[in-house]
Amino acid sequence: MSTPADLAGRGVLVTRPAGQAEPLCRLIEAAGGRAIRFPTIAIEPTHDPEATALLGESWDLLYFVSPNAVEQALALVADAGWLRVERVAAVGRGTARALEAAGRAPDLVPNDRYESEALLEMPELADMRGRRVLIVRGEGGRALFAQAMTERGAEVCFAEVYRRVRPAVDVAPLLAHWSEEVDFVMATSDEVLLNLAELLGQEGRARLLATPLVVIAERTAQTARDLGFQTIRVAERADDESIVRALIALS
């Protein structure tokens, strides 16, 4: 996609984990903006032997909730493990691309909203009686998909292959130039946004809440409203191009 160069030099605080931020940063810069890299989550493997064992079993559905889930699962099992799965589901395009790169394109990916709610609307998952479902996720992920699968008759297990931690960073340099440098903030999850607020602390709270924010889900918009953000825009989709379009719309 060719994004119009409409950000006109504005600075965007990119809060994604360091290993996942570069494609979005490049799009922001192609649109004439300045990407300010400030990850508010770091990803660590759990090294959980139970997760490794579960990934080696036979499943009717294997659901990956993020690219991190794919990456960390691949570190635990050999490629042959994919052969024992009837269907693979991905929460969105980024996760689907990670699976494709691993040699196992997903069978189920939502076409519009990239979230569990959209996946649950797919007809292939309407009747799960007698099916075994493994959800590959980070520690303490959302329970919505598991609850729905259980209600539809499936046996559900979790392989928690990573944990999200708040990085230890010095925020003083960012806060010192916030007014001149940061025009927009983006956050792709509640946790990303809450970690940012915690990292900036009371000293940076007023500046953060006065900065226009782009999110990718209505639930994160509600979290932002609860925090006190003044200007919030929800991107039409969760992909990087939609995030940039939402940023341009705020310009």
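Residues numbered from 1 in each chain as written. Predicted model: local features only at pLDDT ≥ 70, side-chain atom pairs only at ≥ 80, totals over all residues. Heavy atoms only, no water.

**A look at the sheet that holds strand S6 (residues 132–138)**
Line of reasoning, step 1. Spatially, S3-S7-S6-S4-S5 is the arrangement adopted by the 5 strands of the open sheet, whose pairing is mixed. With partners counted over all chains shown, the strands left at the sheet margins are strand S3 (42–45) and strand S5 (85–90), one partner each. Going across the sheet, the axis of each strand differs from the next one's by a mean of 25°, ignoring polarity.
Line of reasoning, step 2. Bridge count between strand S4 (residues 59–64) and S6: 4 bridges; the pairing is parallel. Each bridged residue has a counterpart across the sheet, and for leucine 61 the counterpart in S6 is valine 133.
Line of reasoning, step 3. Contacts from helix H3 (residues 67–74) reach S3, S4, S6 and strand S7 (155–165), with the element oriented near 95° to S7. (Pairing = 2+ DSSP bridges. Helix = DSSP H or I, 4+ residues; strand = E, 2+ residues; numbered from the N terminus. Axes fitted to C-alpha atoms, helices over the stretch in contact; angles between N-to-C directions. Contact = heavy atoms within 4.5 Å.)

**As for the side chain of asparagine 68**
Line of reasoning, step 1. Positionally, asparagine 68 belongs in helix H3.
Line of reasoning, step 2. If near-sequence neighbours (up to four positions away) are discounted, asparagine 68 is found in contact with Gln20, Ile43 and Tyr162.

**Here we look at the packing of aromatic side chains**
Line of reasoning, step 1. Using the criterion set out here, one finds 1 aromatic pair in the structure.
Line of reasoning, step 2. Lying across the ring of tryptophan 59, arginine 132 places its NZ or CZ 4.0 Å from the centre.
Line of reasoning, step 3. In this arrangement the basic side chain of arginine 137 is found over the ring face of phenylalanine 158, its NZ or CZ atom lying 3.7 Å from the centre. (Phe/Tyr/Trp six-rings, centres within 6.5 Å; stacked < 30°, edge-to-face > 60°. Lys NZ or Arg CZ within 6 Å of the ring centre and 35° of its normal.)

**Description of the sheet that holds strand S1 (residues 11–14)**
Line of reasoning, step 1. In spatial order, the strands read S2-S1-S8-S9-S10; together these 5 strands make up an open sheet with parallel pairing. Every other strand in the sheet has two partners, leaving strand S2 (34–37) and strand S10 (232–234) as the edge strands with one partner each. Going across the sheet, the axis of each strand differs from the next one's by a mean of 25°, ignoring polarity.
Line of reasoning, step 2. Seen against the sheet, helix H1 (residues 22–30) touches S1, S2 and strand S8 (184–187) and runs at an angle of roughly 150° to S2.
Line of reasoning, step 3. This element, helix H9 (residues 190–209), spans S1, S8 and strand S9 (213–215) of the sheet and lies at about 155° to S8.

**Concerning the pairing of S7**
Line of reasoning, step 1. Relative to S7, S3 runs antiparallel, the two being bridged by 4 bridges. Each residue of the ladder has a partner; that of proline 45, found in S7, is tyrosine 162.
Line of reasoning, step 2. As paired elements, S6 and S7 share 7 bridges and run parallel to each other. Paired with arginine 137 across the strands is glutamate 160, a residue of S7.
Line of reasoning, step 3. With respect to chirality, the unit in which S6 leads through helix H6 (residues 144–151) into the neighbouring parallel S7 is right-handed. (Right-handed = clockwise from strand over helix to strand, strands pointing away.)

**A word on the pairing of S1**
Line of reasoning, step 1. Residues Gly11 and Leu13 line one face of S1 and the alternating positions Val12 and Val14 line the opposite face, and both faces are buried.
Line of reasoning, step 2. Handedness of the S1-H1-S2 crossover: right-handed.
Line of reasoning, step 3. Of the strand pairs in this sheet, S1 and S8 are connected by 3 bridges, and their pairing is parallel. For valine 14, the partnering residue across the bridge sits in S8 and is methionine 186. (Buried < 20%, exposed > 50% of the residue type's maximum accessible area, 1.4 Å probe, protein only.)

**Notes on the pattern of salt bridges**
Line of reasoning, step 1. Tallying each qualifying case throughout the model produces 15 salt bridges.
Line of reasoning, step 2. Put simply, glutamate 29 and arginine 37 hold a salt bridge, and the shortest N to O gap is 3.5 Å.
Line of reasoning, step 3. Note on arginine 37: relative accessible area 40%, which makes it partly exposed.
Line of reasoning, step 4. Ionic pairing is found between arginine 131 and aspartate 60, a salt bridge with its closest N-O pair at 3.6 Å. Of this pair, arginine 131 sits in the loop between helix H5 (116–120) and S6 while aspartate 60 sits in strand S4, and the two are 71 residues apart along the sequence.
Line of reasoning, step 5. Through salt bridges with shared partners, one network takes in Glu22, Glu29 and Arg37. (Salt bridge = Lys/Arg side-chain N within 4 Å of Asp/Glu carboxyl O.)

Geometry only, nothing functional implied.
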